[in-house]
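# Tertiary structure, described
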Amino acid sequence: MYRFDTRTVATLDAGGTNLVFGAMRSCKFITDPITLPSKADNLEECLGQIVSGFEQIFARLDEKPVAISFAFPGAPDQQGVIGGDLINFPSFRDGFALGPYLEEEFQVPVFINNDGDLFAYGEAKAGVLQDINRRVAALGGKRVYHNLVGFTFGTGLGLGEVINDQLNRGNNACIEVCFLRNRLNPELLCEENASIRGVMREYRELSGLDTEGMSPYDVFLVAEGRKEGDAEAAREAFARFGKVAGDVIAQVITLTDAIAVYAGGLAEAMKYIKPAMLQEIRSKIGMADGRQVDRLLMKVFDLDDEGDFAQFVVGDSRQLKVPGSKRTVTYDPMRRTGVIKSKLGASKAIFVGAYTYALSKIDADANAFSTERDFVTA
């Protein structure tokens, strides 16, 4: 429904180097972006940049935004307080009430979330989950899916969870996947393989070559045979990324029973990452008596594949008679889930997540106020 909402929300993508400001309406950008240096090591200067950026966005709009909503590194609490060991924003380390500060400055509600959370929320509310449910209905399927987990692949490994259509922020707003154990080296974080730096390290160690000045895209070109280097080592580096990422996705799906969507800066290399990732998700796991069972209780479909998607919709539906009546009910014993690539892309999904999250909170607060008022006057 937010794809057609006419309210405006001011947004920000806060990075350690740059702050990128914008505004959305109907899940679409309505202004050109404004980019300012973060000045993240000086709190006063950084706050000045944030205020200036939003002032410039407000000045470009034909109406005052109903909210400010944006992603910030780390784990902002429910009040919008930023703090902790933030590598990219050291000046916020001792804690700063950024949300309340901006509410005083601009007199609108302010919502701040982790980028992984907003990625998942954007994909759930106005991205891939809505598309899946539309396609399922169009093909005659009866199921409606409400759970989605989003993974961002890049400099790190990010996660967001939407359970029963609600963003799961946990008790401490710090649901992090990067701290799970590494499938290939249990003494390391999973992120040590499922990240850009993991690809670079693995290629360097597997090839024995000097990788100074190389990028992950260069490793991809080596894997493709379009750049000099060890193609087999390059493909294996990406496959190891996929194996570790697949292990993480399987663990998260086990605990959430959700559809998984992924995005990030390694899009072209997914041709080498995805097969290993799916193989790991669909793998077997052993029992003490020697038996092997499926890693997941659900059958896992590649929802980017048309054939897999069609089977995902159909499942194993059958009609069962209700004893003592003429009624029948549809029964589908196939437990299933899917893995799919983001159609919005990580950056757009984060902005859409910020937009839809703000509107959902405003609507929830309005409904709560209306219900309370009706109760009092009844």
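Starting from 1, residues in each chain are numbered consecutively following that chain's sequence as written. Restriction of local features to residues with pLDDT of at least 70 applies here, the model being predicted, together with a cutoff of 80 or more for giving and counting side-chain atom pairs; totals for whole chains, interfaces and linings are based on all residues. Working from all heavy atoms in the structure, the side-chain values ignore hydrogens and water.

## Looking at the packing of aromatic side chains
A pair of aromatic rings is counted whenever rings of Phe, Tyr or Trp (Trp by its six-membered ring) have centres within 6.5 Å, and the orientation is called stacked for planes under 30 degrees apart, edge-to-face for over 60 and tilted otherwise. What the rule picks out here adds up to 21 aromatic pairs. With a centroid separation of 5.1 Å and an interplanar angle of 25°, the aromatic rings of Tyr145 and Phe312 are classed as stacked. In this pair, Tyr145 is assigned in the loop between helix H4 (128–138) and strand S7 (148–153) and Phe312 in helix H9 (residues 306–314), connecting sequence segments 167 residues apart. For Tyr145, a relative accessible area of 11% translates into the label buried. Ring geometry for Phe153 versus Phe241: centroids 5.3 Å apart, planes at 85°, classification edge-to-face. A residue pair is termed long-range when its members are at least 10 positions apart, and Phe153 in strand S7 and Phe241 in helix H7 (residues 231–256) qualify at 88 residues. Here Phe153 and Phe241 have matching classes, each one buried. One aromatic cluster is present, built from ring pairs that chain together Phe21, Phe54, Phe58, Phe70, Phe72, Phe89, Phe92, Phe96, Tyr101 and Phe106. Above the plane of the ring of Phe309 lies Arg135, whose end atom (NZ or CZ) is 3.7 Å from the centre. Secondary structure is summarised from DSSP: a helix means a run of H or I of at least four residues, a strand means a run of E of at least two, and numbering begins at the N terminus for each. Categorising residues by exposure relies on relative accessible area from a 1.4 Å probe, with only protein chains included: less than 20% of the type maximum marks a residue as buried, more than 50% marks it as exposed, and the intermediate range marks it as partly exposed. A positively charged side chain is recorded as over a ring if its NZ (Lys) or CZ (Arg) lies within 6 Å of the ring centre. The angle to the ring normal must also be within 35 degrees.

## A word on helix H5 (residues 196–207)
Between the first and last residue of a helix there are one fewer steps than residues, each counted as 1.5 Å, and that sum is the expected span. Between its terminal C-alpha atoms H5 stretches 17 Å, which fits the 16 Å expected from 12 residues at 1.5 Å a residue. Those residues of H5 lying buried are Gly198, Val199, Met200, Arg201, Glu202, Tyr203 and Ser207. Any two residues having at least one pair of non-hydrogen atoms within 4.5 Å are treated as being in contact. Check the buried side of H5 and you find it contacts helix H6 (216–224) and H7. Where H5 ends, the next residue or the one after it, Gly208, has phi of about 70°, a positive value.

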